[in-house]
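If you want the building blocks of each chain, they are given just below.
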Amino acid sequence: MPEALSQQKPIEKRIDGSTVRLVCADVTEADVDAFVFYAQPDLKLGSGFGTAISVRGGPSVQKELDELGPIQTGEVVVSGAGNLKAKFIIHALGPRFNEEDTEGKLRTTVINSLKAAEEKGVTRIALPPMGAGFYTVPLDLCARVMIEAIQDYLQGETKIEEVLICAGDRREFKPFAARLA
Amino acid sequence: MSEKKARSHKAEKVIERLGQKLSRQIAGSMVACVHCGMCTESCHYVLANPGDPTYAPAYKADKIRKLFKRHYDWTGRFFPWWVKAGSVYTDADLEELKDTVFGKCTNCRRCSLNCPMGVDLASFNRMARGLLVSVGVMPEGVAVVSKDQWEIGNQMGVLKEDYLETLEWMAEELQDELDDPQADIPVDKTDCEVVYSINPREVKYDPRSISDAAKIFHFAGENWTMPSEGWDMTNFGLFSGDDDLGGAVARRLYEKVSELRGKKLVISECGHGYRSTRCEGPNWAKQDVPFEMESSVLTMLRYVKEGRIKVDKTRNTTSVTFHDSCNNARSCGLTEEPRELLNLVCTDFREMTPNRAENYCCTGGGGAMSMSEYTPRRLKSGKVKADQLKATGAKVVVTSCHNCVDGLADVIRHYKLDMEVTQLVNLVANALVIPEKAAPSAEEKVAQEKVAALESAKPVALPLADLKFVVADDEPDQLAFLSTVFEDYGATVVTATNGDETLETVRREKPDLLTLDLEMPGLNVGDVFETLRKDPELEDLKVCIITGRPELRKLIYDRSVRVPEGYLDKPVTEETLLLTVRKILGIHEHET
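Residues numbered from 1 in each chain as written. Chains lettered and ligands numbered in written order. Predicted model: local features only at pLDDT ≥ 70, side-chain atom pairs only at ≥ 80, totals over all residues.

Novice: Residue-level account of the overall build of chain B, with values.
Specialist: Helices and strands together make up the secondary structure of chain B, namely 29 helices and 13 strands. Taking 2.2 N^0.38 as the reference for a compact globule, 592 residues should give roughly 25 Å; the C-alpha atoms of chain B span a radius of gyration of 26 Å, in line with that estimate. Each of the three principal axes of chain B carries a C-alpha extent, and together these read 95 × 60 × 45 Å. Looking at chain B as a whole, 49% of its 592 residues are labelled buried. (Helix = DSSP H or I, 4+ residues; strand = E, 2+ residues; numbered from the N terminus. Rg over C-alpha atoms; globule rule 2.2 N^0.38 Å. Buried ≥ 20, exposed ≤ 12 C-beta atoms within 10 Å, placed from the backbone.)

Right, dumping it as structure tokens:
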């Protein structure tokens, strides 16, 4: 019988001086300095994780975003995180709905998210499987591109100590686990 | 010639993915139509729009069929003009297709049942929806709900803490009602006979159905539990055509039941939830399910027949009729058990005509309730259902589907029928014969009588006493109803009938609660809400939206201010209203 989702054993991989850790968890509740939210061009938080941010974080996040949008694919903006555990939210607009060059755009978005976090002095950052699910980025592609981009980034000069990948369920956990094993 | 026309990236993807979605069943339906017209009269959209051929099932099917013929059938590839093959080239073409597959069909499958060639329009209409969703072409409501289910794990974006708090709340209410601390709603208990899964609508708008089910499980002596995660048995993948979402949602539910080592998954009353979880889910999830699954209708019927619960039908004497959910009846064959149960718990059941697999859609099928841009069409098509309901002469329509509850409530309101909607779980809970507790000893009896005498000497405490409410609504009937209920329970009520007056009244009265209609004259209600939220003197103001137009939710929920504490769809019953208001204000039943 499967273990409880919250008790799913994390998988860790050391990359130079940093750690990539894969867990089953809600990214908006991660106890980190910043987490990535896969944004919309107009930066409206909307539904899904956007609901979680609005309800748990309070109205200040959307208020800040109202001054920052719209953004283009690959771009990121940073806001405070209101009442959430994190200090910052990295709002990243990645490729959506099978658009052209999904792989290249996703790679750029992941790298830009890490750079933006670094600029804010973030040492611990959490990311969801970016673009998978609603935005249709295939999960295997998502896992491969994200792990490669994170690995490339952490092999350079960085102060990021930990990258937490928060899978929402076992289906999302598996392809990342296979890449990190 | 036409193939040399430039095709947008999205249109290209749609054509490419169409080939991947062609099963034998879909391909059979694509080629089998002989345009005999037998399907035409079976569609409630056609019956409500007799002069408009674009609603005819064969016409709608041809919009999708032409793509198949042009790209995947040899006749269409070589002689497109002969077989009316065609393609999509621009994003505008996709928008036009969206209007048909989302806005003119509820995937109710009534036409499929009436097709002599066995063409299953609903299946390939769903497939076409999935193709459009994969390139981001979908009604906004479909996007909102899909994203909630992908990322939060349920269709209505109910956060885990809110779900668990609601279960706890309903368990306390039940314990108070029965004066029995053993009446509980267990969460994540392992090795149970029954794991009970629900529709998020029950958490958000109808928590009474959860406590009614808990009451039934309690008196049946069932060893049961509810899961803390993977509890949503609905599946928007059925409506959006997204098989990946369908698989992800089904897998979460199945894995959770396995994790809890549950012996049986009981699915609360929901047509599409039942079909998705029990029938389609294993295929989408691509896995075998190692436990039994059954509708709660069967569970309740079994409890009555086995004598595990006793019911008294004379407690439900109002005339009732039964609406068959399309997914339950047409797609899953669940037609006789709800009737058998109804006859056991009601005295006056009247059959609706036509019924069972021939019944007409409530208008809310196929996710139509989330597609507010098509509401006027949906309500127009509801004339067929309204006539059916009216002809029964019943005062209550019972249905085993949460979508149908909302669809029927809308039809009843729009066509001004004197009816209410309810579900079997409510009727069974109401008919329950509660076993009497053991008689108290002589000493206990004396002590109880003393307590009762003291209690009766106290003035009756009203649950909303000392509270001030502002009721903002421009409909006189609604205003009178809400005000009367609140005043009957002790609240002081001040009313407002437009945006400007609401703002002024709330600022002046500083109430404990504002009930806010979203459609009133004067100042935009969204602006009123935002202004009130930003007023530092009104930090503690609790707001409950009460609206007859769910599509207006954007007015409130897209603003960068704290969301309302409560939300109710009209029509509101007294019981739901009080329950919601007490929840918002944190007033338990025993405190009343």
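Moving on from the model shown.
Novice: Tell me about the overall build of chain A, residues and numbers included.
Specialist: Scanning chain A from N- to C-terminus turns up 5 helices and 7 strands. The C-alpha radius of gyration computed for chain A amounts to 15 Å, which stays within 12% of the reference 16 Å derived for 181 residues, consistent with globular compactness. C-alpha atoms of chain A, sized along the principal axes, occupy 45 × 35 × 30 Å. The buried share of chain A, taken over its 181 residues, is 53%.

Novice: Break down the nonpolar core for me, with residues and values.
Specialist: In terms of nonpolar packing, the biggest core is built from 194 residues, with F35, I90 and I125 of chain A together with L132 and V428 of chain B touching the most fellow members. Sequence-distant contacts of F35 of chain A, defined by excluding residues within four places in its chain, comprise V27, T28, A30, A86, I89, I125 and A126 of chain A. Core analysis: the second largest hydrophobic core is formed by 33 residues, F469, L518, I546 and V581 of chain B among them. (Core = buried A, V, L, I, M, F, W, Y, C linked by C-beta atoms within 7 Å. Contact = placed C-beta atoms within 7 Å.)

Novice: Which residues make up the pairing of strand β6 (residues 124-127) of chain A, and what values go with them?
Specialist: All names here are of chain A. Side chains R124 and A126 project from β6 onto one buried face, and the interleaved I125 and L127 project onto a second face that is buried too. Examined bridge by bridge, strand β3 (residues 34-38) and β6 share 2 bridges and lie parallel to one another. The partner of A34 across the bridge, within β6, is I125. Handedness of the crossover joining β6 and strand β7 (residues 162-167) through helix α4 (residues 139-155) is recorded here as right-handed. (Pairing = 2+ DSSP bridges. Right-handed = clockwise from strand over helix to strand, strands pointing away.)

Novice: Please give an account of helix α21 (residues 383-392) of chain B that cites residues and values.
Specialist: Residues and elements named next belong to chain B. Taken together, the buried positions of α21 are K385, A386, Q388, L389 and T392. When α21 is viewed along its axis, its buried side chains cluster within an angular range of 160° and face the same direction. The inward-facing, buried residues of α21 contact α3 (44-48), β5 (320-323), β6 (349-350), β7 (396-399) and α22 (402-414). Just downstream of α21, G393 is the residue with a positive phi angle, here 70°. (Arc of directions from axis to C-beta.)

Novice: How would you explain the domain arrangement of chain B if you had to name every residue and give the values?
Specialist: Residues and elements named next belong to chain B. Each domain of chain B was delimited in the assignment, giving domain 1 (2-138), domain 2 (149-305), domain 3 (313-431) and domain 4 (468-591). A straight line from the C-alpha centre of domain 3 to that of domain 4 covers 29 Å. The interface is formed by 5 residues belonging to domain 3 together with 6 residues belonging to domain 4. By residue number, the principal contributor to the side of domain 3 that touches domain 4 is α22, which donates 3 residues. Partitioned by chemical class, the residues of the side of domain 3 that touches domain 4 number 1 nonpolar, 2 polar and 2 charged. (Domains from an automatic or database assignment. Nonpolar A, V, L, I, M, F, W, Y, C, P; charged D, E, K, R; others polar.)

Novice: Tell me about the packing of helix α15 (residues 243-259) of chain B against helix α16 (residues 271-285) of chain B, and name the residues and values.
Specialist: Packed helices, taken two at a time, are described by their axes: the angle between them and the distance between them. Residues and elements named next belong to chain B. Where α15 contacts α16, the two axes come as close as 8 Å, and the packing angle between them is 110°. The angle between the axes of α15 and α16 places the two elements in the roughly perpendicular class. Like other packed secondary-structure pairs, α15 and α16 cross with a definite hand, here left-handed. Together, D243, G246, G247, A250, R251, L253 and Y254 of α15 and S276, T277, E280, G281, W284 and A285 of α16 make up the contact between the two elements. Broken down by class, the residue content of the contact of α15 with α16 amounts to 5 nonpolar, 5 polar and 3 charged. (Axes fitted to C-alpha atoms, helices over the stretch in contact; angles between N-to-C directions. Parallel < 35°, antiparallel > 145°, perpendicular 65-115°, else oblique. Left-handed = near helix turned anticlockwise from the far one by under 90°.)

Novice: If you had to explain the sheet that holds strand β1 (residues 194-197) of chain B to someone new, which residues and values would you point to?
Specialist: Residues and elements named next belong to chain B. Strand order in this open sheet of 4 strands is β2-β1-β3-β4, and the pairing throughout is parallel. Only two strands of the sheet have a single neighbouring strand rather than two, namely β2 (224-225) and β4 (292-295). Looking at chain direction, β1 and β2 are connected through 2 bridges and run parallel. If you follow V195 over to β2, its bridge partner there is T225.

Novice: Lay out the interface of chain B and chain A with the relevant residues and their values.
Specialist: If you look at the interface, chain B gives 27 residues, while chain A gives 30 residues. Within the residue set of the side of chain B that touches chain A, elements represented by two or more residues are α1 (9-21), α10 (140-151) and α15 of chain B. A class-by-class count of the residues in the side of chain B that touches chain A yields 8 nonpolar, 7 polar and 12 charged.

Novice: Break down the packing of helix α19 (residues 336-345) of chain B against helix α23 (residues 424-431) of chain B for me, with residues and values.
Specialist: All names here are of chain B. Remark: α19 packs on α23, axes separated minimally by 10 Å, with the N-to-C direction vectors making an angle of 30°. Here α23 runs roughly parallel to α19, going by the angle between their axes. Helix-helix and strand crossings are classified by hand; for α19 and α23 the assignment is left-handed. Here P338, L341, L342 and V345 of α19 lie close against α23, whose contacting residues are L424, L427, V428 and A431. Looking at the contact of α19 with α23 residue by residue, the class counts come to 8 nonpolar, no polar and no charged.

Novice: Could you give me a rundown of the sheet that holds strand β5 (residues 88-92) of chain A, with the residues and numbers involved?
Specialist: All names here are of chain A. Across the sheet, which stays open at both edges, the 7 strands sit in the order β1-β2-β7-β6-β3-β5-β4 with mixed pairing between neighbours. One side of each edge strand has no neighbouring strand; the edge strands of this open sheet are β1 (11-15) and β4 (76-80). Within this sheet the neighbouring strands show an average axis-to-axis angle of 20°, counted without direction. Two strands pair when backbone bridges link them, and β4 and β5 are joined in this way by 5 bridges, in the antiparallel orientation.

Novice: Run through the environment of G333 of chain B, naming residues and quoting values.
Specialist: Residue position: G333 of chain B is located in the loop between α18 (326-331) and α19. Taking the C-alpha atoms as reference points, G333 of chain B and L454 of chain B, separated by 121 residues in sequence, lie 56 Å from one another.

Novice: Tell me about the pairing of β1 of chain B, and name the residues and values.
Specialist: All names here are of chain B. Neither face of β1 is exposed, since V194 and Y196 on one face and V195 and S197 on the opposite face are all buried. Here 4 bridges tie β1 to strand β3 (residues 264-267), and the two strands are oriented parallel to one another. From the neighbouring strand, V195 faces β3, where its bridge partner is L265.

Novice: Tell me about the environment of Q62 of chain A, and name the residues and values.
Specialist: Assignment of secondary structure puts Q62 of chain A in helix α2 (residues 60-65). The buried category is assigned to Q62 of chain A, around which 22 C-beta atoms lie within 10 Å. On a C-alpha basis, the gap between Q62 of chain A and R14 of chain A in space is 35 Å, while along the polypeptide they are 48 residues apart. Dropping the residues within four chain positions of it, Q62 of chain A is found in contact with L45 and S54 of chain A together with S560 of chain B.

Novice: Give a description of unusual backbone geometry that names residues and reports values.
Specialist: Residue P70 of chain A is reached from G69 of chain A by a cis peptide bond, and omega for that bond is -5°. The amide bond that connects T353 of chain B to the next residue, P354 of chain B, takes the cis arrangement and shows omega of -10°. By the element assignment, P354 of chain B lies in the loop between β6 and α20 (375-381). The phi angle at D16 of chain A is positive, at roughly 50°, despite the residue not being glycine. Its location among the elements puts D16 of chain A in the loop between β1 and β2 (18-24).

Novice: Tell me about the confidence of the model for chain B, and please be specific about residues and values.
Specialist: With 97% of its residues at a pLDDT of at least 70, chain B reaches an overall mean of 93. Our summary of model confidence lists the complex with pTM equal to 0.91 and ipTM equal to 0.98. (pLDDT = per-residue confidence, 0-100.)

Novice: Explain helix α11 (residues 160-178) of chain B residue by residue, including any values.
Specialist: Because the α-helix completes a turn every 3.6 residues, residues three or four places apart line up on one side. Residue and element names in this part refer to chain B. Taking 1.5 Å as the rise per residue, α11 with 19 residues should run 27 Å; its terminal C-alpha atoms sit 27 Å apart, in good agreement. Those residues of α11 lying buried are Y163, L167, W169, M170, A171, E173, L174 and Q175. Looking at the buried positions of α11, the neighbouring elements they touch are α12 (200-204), α13 (208-219) and α29 (574-585). (Expected span 1.5 Å × (residues − 1).)

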